[in-house]
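# Close look at the chain arrangement
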Amino acid sequence: MRTRRFFAVFTACVLCAAAALPFGSAQPVEAASLSSLQSQQQKIEKELDAINDELASLKKDVAAQQQYQDTLSQQIALNTQKVAVLDEQLLQLNADMEENKEKLAAAGENISAKETEIEETTDQYKLRMRAMYMAGETSALEMLFSSESFSDLLTNIEMMQAISEHDTALLEQLRVQKSDLENQKSQAERIEADIEQQQADAAAQQEQIRQTNAELEAAYAESENAVQNLQAEQEMFEKNAAAKQAEADQIEAEISAEIKRLQEENEKKQQAQNGGQATQFNSTFARPTDSGYYISSPYGPRWGSFHSGIDITAGGCYGQNIYASAAGTVITAGWHWSYGNYVVIDHGGGYSTLYAHASSLNVSVGQTVSQGQVIAKIGSTGQSTGPHLHFEVRINGQRQNPSNYVSY
């Protein structure tokens, strides 16, 4: 869309430039009227505005892309940090897994040993019980009858009970130890399963982040390519803007030259009337407005361009009088796309004044005016943001700072 728009603007500029005055090979327009020059100037200014608007849009797009790239870079950096953290987690999980496997292996060995011990003890217990069973009551009676005293009898009975109780207790202890080891083994197996799940999750996160980073890097590369295209397009517009600005400057110079030519024609007429004597400017400039006005915008650089006069205004000034700053002859009175309704007065000796943005004009070309005569009414015509008088002073066609001639 932007490329099509660029070529549309570019083609229009090229065609207008070809129809007007191409920069670099342009020749002065002979006998071109002031209105014709101003019409050309308006065309060029419109084309220049379109180019500058496009340039502003392009610069915003480049800035937005660069901000987007900064965001992508930050996200890539954060994801890289996440991968590094996950790497450390996996290392720790691997270490935990190795330690748990050792515990699981030890628990398994201990269980096997306890099982062997239980089997051996059980076998011994079974042999004793079998022997006692086979011997029956005879063995017990023999043990009782062999007792030499009642005390000895009690001792023998207690010994028989103790042997039986010891075997039973030993078996129970072994079973408890085995159960405890099995619980340890089950716990170790659960821990191992949990570690395996954590490892799988960490690996999946790493893979997802790496995939995301790959997408972010692809987006960054695409954005870089877009920036390069935008910058190339911007460069083309800037070149075209420079050429168009040069063309606008050339037309402006020709307008100034045309005003100067009109001054010279008027000078010849004045000389013819004065017996060949050159006119002199022996007066001073007076304020072109009543008292109470002030300068809202001075002469000099303004908004990236150059303000060629001073803007004079006051509250409720719309429709108020504009006065001739000095006596002279009206050499221009009409409409300009930027000045709106405007008047140019030749004061002789190369001096002239310009009054712009008027709501209406009270004089016409060729009319002689006196200092302080009402020549127009304050307005806001042309390129104006509010009621005011744009006032210029020129010497031999060259703009001067009006504040050097009138004070507010």
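All figures in this text were calculated on a predicted structure; none of them were measured in a lab.

On to the overall build of the chain, then. Counting its regular elements, the chain contains 3 helices and 12 strands. Put simply, the chain has 408 residues, and 37% of those count as buried. In the form shown here, the chain has an accessible surface area of approximately 23600 Å², with 51% of it arising from carbon and sulfur atoms.

To continue, consider the packing of aromatic side chains. Counted under the stated rule, the structure contains 7 aromatic pairs. Ring geometry for phenylalanine 281 versus tyrosine 351: centroids 4.7 Å apart, planes at 25°, classification stacked. Linking phenylalanine 281 in the loop between helix H3 (150-273) and strand E1 (294-297) with tyrosine 351 in strand E8 (residues 351-361), this pair joins segments that are 70 residues apart in sequence. Judged by relative accessible area, which is 17%, phenylalanine 281 ranks as buried. With centroids separated by 5.6 Å and ring planes inclined at 85°, the aromatic side chains of phenylalanine 285 and tyrosine 405 adopt a geometry described as edge-to-face. Residue phenylalanine 285 is located in the loop between H3 and E1, and its partner tyrosine 405 is located in the segment after strand E12 (398-400); the two are separated by 120 residues in the primary sequence. With a relative accessible area of 10%, phenylalanine 285 lands in the buried category. We classify tyrosine 405 as partly exposed; its relative accessible area is 28%. Taken together through their ring pairs, the aromatic side chains of Phe281, Phe285, Tyr351 and Tyr405 make up a single cluster.

Turning next to the confidence of the model for the chain. Any region with low pLDDT has predicted coordinates that should not be read closely. With 81% of its residues at a pLDDT of 70 or more, the chain shows a mean pLDDT of 80. Predicted confidence is poor over residues 1-31, with pLDDT under 50, and the contacts of this stretch with residues over four places away or in other chains come to 40 contacts.

With that settled, the discussion passes to the pairing of strand E11 (residues 389-395). The buried fraction of E11 amounts to 7 of the 7 residues, a majority that puts the element mostly inside the structure. Strand direction decides the pairing type here: strand E4 (residues 310-313) and E11, joined by 3 bridges, are antiparallel. Pairing of isoleucine 310 across the sheet is with phenylalanine 391, part of E11. Summarising the sheet, E11 and E12 pair through 3 bridges and their orientation is antiparallel. By the bridge assignment, valine 393 is partnered in E12 with glutamine 400.

Turning to unusual backbone geometry, a few remarks are in order. A positive phi angle, near 70°, is found at histidine 357, a position not held by glycine. Tracing the backbone shows histidine 357 in strand E8. The phi dihedral of asparagine 396 falls on the positive side, at around 55°, and the residue is not glycine. Positionally, asparagine 396 belongs in the loop between E11 and E12.

Further remarks concern the layout of surface pockets. Reported here for the largest pocket is a volume of approximately 1300 Å³. Forming the walls of the largest pocket are 40 residues, and the residues nearest its centre are Arg302, Ser305, Phe306, Ser338 and Gln383. Elements represented by at least two residues in the lining of the largest pocket include exactly helix H2 (34-145), H3, E1, strand E3 (305-307), E4, E8 and E11. Class assignment of the residues belonging to the lining of the largest pocket gives a composition of 11 nonpolar, 20 polar and 9 charged.

Okay, the pattern of salt bridges next. Taken as a whole and judged by the stated rule, the model has 7 salt bridges. The partner of lysine 239 in a salt bridge is glutamate 235, and the shortest N-O contact between them spans 3.6 Å. Taken together, the positions of lysine 239 and glutamate 235, both in helix H3 and 4 residues apart, correspond to about one turn of that helix. Judged by its relative accessible area of 57%, lysine 239 falls in the exposed class. We note a salt bridge from glutamate 392 to arginine 399, for which the minimum N-O separation is 3.5 Å. One network of salt bridges, with partners in common, ties together Glu258, Arg261 and Glu265.

Conventions we followed
Residue numbering note: each chain is counted from 1, following its sequence as written. Owing to the predicted nature of the model, reporting of local features is limited to residues with pLDDT of at least 70; listing and counting of side-chain atom pairs is limited to 80 or more, with chain, interface and lining totals taken over all residues. Each side-chain value is derived from all of the structure's non-hydrogen atoms; neither hydrogens nor water enter the calculation. Here a strand is any run of E in DSSP of at least two residues, a helix any run of H or I of at least four, and the numbering for each starts at the N terminus. Residue exposure (1.4 Å probe, protein chains only): buried if accessible area is under 20% of the type maximum, exposed if over 50%, otherwise partly exposed. Only the protein chains shown count as cover for residues, and the accessible areas themselves come from Shrake-Rupley with a 1.4 Å probe. In this scheme Phe, Tyr and Trp rings, the latter by its six-membered ring, pair at centre separations within 6.5 Å, and the angle between planes marks the pair as stacked below 30 degrees, edge-to-face above 60, and tilted otherwise. Per-residue confidence from the prediction method is given by pLDDT, with values spanning 0 to 100. Any two residues whose heavy atoms approach within 4.5 Å are treated as being in contact. When DSSP finds two or more bridges between a pair of strands, those strands are recorded as paired. With a 1 Å grid spanning the protein atoms alone, the term cavity applies to any set of points in which a 1.4 Å probe fits but cannot get out, the term pocket to an open set with protein on both sides within 12 Å along at least five of seven lines, and the term lining residue to any residue with an atom within 4 Å of a point. Grid points are joined across faces, edges and corners, and a volume is the space filled by probe spheres set on the points. The residue classification treats Ala, Val, Leu, Ile, Met, Phe, Trp, Tyr, Cys and Pro as nonpolar and Asp, Glu, Lys and Arg as charged. All others, Gly included, are polar. By salt bridge we mean one thing: a side-chain nitrogen of Lys or Arg within 4 Å of a carboxyl oxygen of Asp or Glu.

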